[in-house]
Amino acid sequence: MPLPKKRHSSCRGKKNRTHWKIAKSTLVPCPQCKTLKAPHRVCPVCGAYAGRQAIEIKTKKTEKKKES
Ligand SMILES: [Zn+2]
């Protein structure tokens, strides 16, 4: 296995890592409730996707209704 001949300084390692950056996530407004959401994903606020209700959003009120 190849081995480095000389040790790099800590400064040199840190200089390499200055290019490591977190990519900013893309957000698009939901067509139904206008809140920002990830593109091509079901809206976590209203549960809409492609102009229809894809999932049911559970809230404390809806959970109580089902129990009684
Ligand atoms: Zn929405």
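Since we're looking at a predicted model, the values are computed, not measured.

## Focus: the coordination of the zinc ion
For the zinc ion, the full set of protein donor atoms is Cys-30 (SG), Cys-33 (SG), Cys-43 (SG) and Cys-46 (SG), and the range of their distances to it is 2.2 to 2.3 Å. Around the zinc ion, the 4 donor atoms are arranged such that angles at the metal cover 106 to 113°; this shape is classified as tetrahedral. Positions of the donor residues of the zinc ion, expressed as sequence spacing, correspond to C-x2-C-x9-C-x2-C. With Cys-30 in the loop between strand E1 (28-29) and strand E2 (36-37) and Cys-46 in the loop between E2 and strand E3 (48-49), the pair connects residues that are 16 residues apart, well separated along the chain. Pair check on accessibility: Cys-30 and Cys-46 agree, each one buried.

## Some thoughts on the side chain of Lys-37
Examined against the element boundaries, Lys-37 turns out to sit in strand E2. A distance of 3.1 Å separates a polar atom in the side chain of Lys-37 from the backbone oxygen of Arg-41. If we ignore the near neighbours within four places in the chain, the residues touching Lys-37 are Thr-26, Leu-27, Val-28, Cys-30, Pro-31, Cys-43 and Pro-44.

Calculation rules
- Residues numbered from 1 in each chain as written.
- Predicted model: local features only at pLDDT ≥ 70, side-chain atom pairs only at ≥ 80, totals over all residues.
- Heavy atoms only, no water.
- Donors = N, O, S within 2.8 Å, 3.2 Å for Na, K, Ca; no water.
- Tetrahedral: all angles 85-135°; square planar, octahedral: opposite > 155°, others 65-115°.
- Helix = DSSP H or I, 4+ residues; strand = E, 2+ residues; numbered from the N terminus.
- Buried < 20%, exposed > 50% of the residue type's maximum accessible area, 1.4 Å probe, protein only.
- Polar contact = N/O pair within 3.5 Å; in protein donor to acceptor, adjacent residues only side chain to side chain.
- Contact = heavy atoms within 4.5 Å.

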